[in-house]
Amino acid sequence: MKNESPKQTDQRSNPGGQILHLPQRSPALSVLICFALGILLDAWLNLQTAVWILSAGTALICWLLTYRAHWRRVATLMLLVGVVSLGALRYHEYWYCRSPDHVTRLLPSATNQQVTKRIVRLTGKISSKPEVRELSEDELLNPDQPQRRIQFTLACRNLLIKESEIPVAGKVRVFITENRIPSKPGLSRKLAAGDLIDICGELKRCAKPDNPEDYDFSIYYRKQKIDAILSVKIPAAVRQIQKTTDYSWNRLRASVHDWFKTLIVEHTSESSQPVALALLLGERTELSPKVRLEFSQSGLIHFLAISGLHIGFFSVFVWSICHILNLPRTVTVTLLILAILFYLSIIEIRPPILRAASFCVLVTLGLVNWRTITTLNLVCLSALIILLINPTDLFDVGTQLSFLAVASILWTVNQDFYKNLYQQTWIPLRWRLKANDPLLQTPLQRIGFQYFRLLYSLFLVTFFIWIATAPLVLYHFHLLAPVGLIVNTLLFPFLFLILLLGYLLMFVGSLLPFTAGIFGYCFDQSLQLLLWIVEWTSSLPWSHFELPASALWWILVYYALLLLSILSVFWKHQWGSLISVNKLRLLLLPVWILTGLLVPLVIPQEPSLRCTFIAVNHGVSILIEAPGGETILYDAGSMSPVEQTYSKIKNTLLSRGIRRVDFLLISHADRDHFNSAAELITNGYVRELAFPHSFLTRSQRGTIELCDTALEFHVPVQLIGKGDHFRLGAETNIEVLHPEYGDRYQDDNPSSLTLRINYGGRQILLTGDLEGAGLNKLLSEPSTDSVDVLLSPHHGSRTANTHDLSEWANPAYVIVSGGQQQTIPDLKKTFSKSTQIYSTRQHGAIVCEVDQAGHLMVKPFRGDAHGFEKTEP
């Protein structure tokens, strides 16, 4: 029997004569899936290292036996089982295994709530470039003394105890606070990556989230194998033992980085410098929260982070220069790989950068011998490299978004509606005929067809990337920006122009200094225009939506249906005549999206009063939700930066499905009670603002500005005082107990707005920072029933929490917003033994819920093993 070519075989299997193109083999995809499955298994099961070693060894032996027996399918299965075991083993070693002399052994037990930190003196090498951030006014204890914070990663070597040195291992994140004195050089100028230092400070565990919606920095640092924080309050506690040599790799890398940074700063304006540094060098520390927010709301936040877009264009940039110089292919490939490695050495390497760089290097190496690797295999190999280096990147949202975007691009460019635009039936026949015959086109029409083709291609790629990534963005960032579909489509060529000008400034401008001024001016003007476009698009109505995160089960089913919709394309030759199958495939996602919107509406909710004491560090913010859906926010501030406080409050509101509160009540004119109020009003989270008359009579900064903001955004403002009532539905009553309209005090705290909330026979008393004469005036009033929940006045201070207050209120629960480590032990001496005391500092956010029958539940976010306290009416 004669051998038949593959083409003849395909034609025999298809009598109609149509050649079927079978999918290309992608062995790297199978390996990647199995390796990722192993990571997931160990993250879920957390089995011992020996189990995975035994599993991998057994699979390897079985593979050898079955391969020698020519049981190919069984051998392949055993090989994949071995890959699963190796993935689990790699993750377990990275996430769980620590050496016996690891620095975390110095920390107190995690169950010890009283002692959470320890003073230590360590020696180690700085393993990351020191970053400097100027503290905002909200973070300064003394506004007249500006401060900065320096942070870097320290690879520990020794623990110093008196004259002895005990070896320790592991990495800690160091935070140093120093006064900013213009006449003296800061500590940041003396330290550099690679320096050996002696440092003394407070060693503590990485902070856990305080609210259910907060970002977990402890996991973020642990993914970098950082398990502890070293806080240094005095710069003199840092001593440089040995400075890295001028010819060391770290010093050379920092010098080159600083050279390019100086070049960029010299040729860009002050407003565009942070964006320029983020685009070209990956430095995002100088980006203001306002700029970050505007780029997010306009759908262009991906442009600020160096990713595949930047690395890909950089590779094209270098390749084009080599092509212009007519260099041999081998020389071009060598220069391109060296250029990519050089660029990686001067920027911060993250998974999207590593994925793009490995992709470009693999493609380039294939060009040496004119070999090509399928794009899918290249992407999978890149993903394997990333997971081998850091297996926790599988759970990193940046990595997930990056590979979802790449997968969307690969799928889109292989579809018929993308490749054959002018054969689509929705285009008028006359246009199709002209587009497919250049002889029928005028020069202007030819340009028009090409430009339309470009916009169409960009829109399709952008649209399917948005479809693939939008649910994940909503889940993690509570944001949908549909305007990004239009902005990315129209601005894509302009974004490439900006990158081109930036690279010309960096590399050509550094070699030919006389060209730096020209490239720098064009680059700066382009960035100015981009910033204006971003600011304008982010302010457009309906350009973006801040929404509650979807449930995790809904997200998982969404991606399962998305995968099913894509995979069905590969079987269309079997179902080609079944039009209903294609329609069903197109309806899967819309129906599921509609289901996700309707499910929360049809699930019945039991009416209850809910008070959430949001953990905002040292400050107060309490969300009151009435059974009928009415909402009040009592205070909105803390000593943290405005954007951090605003983020905590915003995420709490969105998690409860609240897009706007009916009232924002400000207790008094201290910044730690209203510093994020203006931000909430600006972003449309407040319908009406109210505060006591004394709020305007104080000299605290920000009070008049808050009223101006409310006026600008058409938010009504009213003054309230003793005797006023807020009726939230038929059963919830909020009464103002203090201050009276004519009260005048020397300080802010005695005039704090005090509210009594009544529902279901229960009372909740909110006191702000009430103390001194104001507290005495409240206690002079006759007490009614015992208070069920009391907000501890002035964050649990001794002067405000007196025995008289304990006797007058007789609270069942006392909740401290903020507080110190000794606050709860001190309050236990003041209040009765039956009083339960919670602190947002120790327990995180605290929820008090009263149902219709009057049952009270107090549920701290963390801290108590039993989960919540419940009392009968």
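Every value quoted in this text rests on a predicted model; they were computed, and no experiment measured them.

Caption draft 1: Here's a closer look at the sheet that holds strand S20 (residues 762-766). Strand order in this open sheet of seven strands is S17-S18-S19-S20-S21-S22-S23, and the pairing throughout is mixed. Only two strands of the sheet have a single neighbouring strand rather than two, namely strand S17 (725-728) and strand S23 (836-839). Neighbouring strand axes in the sheet, compared pairwise and without regard to direction, differ in orientation by 15° on average. Relative to S23, strand S22 (residues 813-816) is paired through four bridges, and the arrangement is parallel. Each residue of the ladder has a partner; that of Ile 815, found in S23, is Tyr 838. Sitting on the sheet, helix H28 (residues 823-830) touches S22 and S23, and the angle it makes with S23 is about 155°.

Caption draft 2: Quick peek at the packing of helix H10 (residues 308-324) against helix H11 (residues 329-345). For the pair H10 and H11, the least separation of the axes is 10 Å and the interaxial angle reads 145°. Judged by the sense of rotation from one axis to the other, the crossing of H10 with H11 is right-handed. Residues Ile 311, Phe 314, Ser 315, Val 318, Trp 319 and Cys 322 of H10 pack against Arg 329, Thr 332, Val 333, Leu 335, Leu 336, Ala 339, Ile 340, Tyr 343 and Leu 344 of H11. Among the residues making up the contact of H10 with H11, the classes are represented as 12 nonpolar, two polar and one charged.

Caption draft 3: Just the confidence of the model for the chain, in detail. This prediction gives the chain a mean pLDDT of 85; 90% of its residues lie at or above 70. Ranking the elements of the chain by mean pLDDT puts helix H1 (residues 6-12) last, at 41, and strand S14 (residues 663-665) first, at 96. Counting contacts from residues 1-22, a segment whose pLDDT is below 50, to residues more than four positions away or on other chains yields nine contacts.

Caption draft 4: Main features of the pairing of strand S5 (residues 171-179). With seven of nine residues buried, S5 is to be regarded as a mostly interior element. The pairing of strand S3 (residues 147-161) with S5 spans nine bridges and is classified as antiparallel. By the bridge assignment for S5, Thr 153 is matched with Arg 173. Bridge count between S5 and strand S7 (residues 226-232): six bridges; the pairing is parallel. Across the sheet, the residue bridging to Phe 175 is Ser 231, located in S7.

Caption draft 5: Region of the structure containing the nonpolar core. Ranked by internal contacts, the top residues of the largest apolar core, which has 57 residues, are Ile 311, Tyr 343, Tyr 503, Met 506 and Leu 530. At 13 residues, the largest contribution of residues to this core is made by helix H18 (residues 483-511). Apart from the residues within four sequence positions on either side, Tyr 343 is in contact with Leu 279, Leu 280, Ile 306, Ile 311, Phe 314, Tyr 503, Met 506 and Phe 507. Listed in part, the 33 residues of the second largest apolar core include Ala 690, Val 736, Leu 856 and Val 858.

Caption draft 6: The arrangement of the packing of aromatic side chains in detail. Applying the stated criterion across every chain yields a total of 38 aromatic pairs. Consider the rings of Tyr 91 and Phe 395, whose centres lie 5.9 Å apart with planes at 70°: the pair is edge-to-face. One end of the pair, Tyr 91, is in helix H4 (residues 72-95); the other, Phe 395, is in the loop between helix H13 (375-389) and helix H14 (397-412), and 304 residues separate them in sequence. Summarising the aromatic geometry, the rings of Phe 317 and Tyr 503 are spaced 5.9 Å apart at their centres and angled 40° between planes, so their arrangement reads as tilted. Here Phe 317 is found in helix H10, whereas its partner Tyr 503 is found in helix H18, with 186 residues between them in sequence. Among the aromatic residues, ring-to-ring pairing joins Phe 260, Phe 313, Phe 314, Phe 317, Phe 342, Tyr 343, Phe 492, Phe 496, Tyr 503 and Phe 507 into one connected group. Over the ring of Tyr 67 we find Arg 72, and its NZ or CZ is 4.7 Å from the ring centre. Lying over the aromatic face of Tyr 94, Lys 225 brings its terminal NZ or CZ to 4.8 Å of the ring centre.

Conventions adopted
- Residues numbered from 1 in each chain as written.
- Predicted model: local features only at pLDDT ≥ 70, side-chain atom pairs only at ≥ 80, totals over all residues.
- Heavy atoms only, no water.
- Pairing = 2+ DSSP bridges.
- Helix = DSSP H or I, 4+ residues; strand = E, 2+ residues; numbered from the N terminus.
- Axes fitted to C-alpha atoms, helices over the stretch in contact; angles between N-to-C directions.
- Contact = heavy atoms within 4.5 Å.
- Left-handed = near helix turned anticlockwise from the far one by under 90°.
- Nonpolar A, V, L, I, M, F, W, Y, C, P; charged D, E, K, R; others polar.
- pLDDT = per-residue confidence, 0-100.
- Buried < 20%, exposed > 50% of the residue type's maximum accessible area, 1.4 Å probe, protein only.
- Core = buried A, V, L, I, M, F, W, Y, C linked by side-chain atoms within 4.5 Å.
- Phe/Tyr/Trp six-rings, centres within 6.5 Å; stacked < 30°, edge-to-face > 60°.
- Lys NZ or Arg CZ within 6 Å of the ring centre and 35° of its normal.

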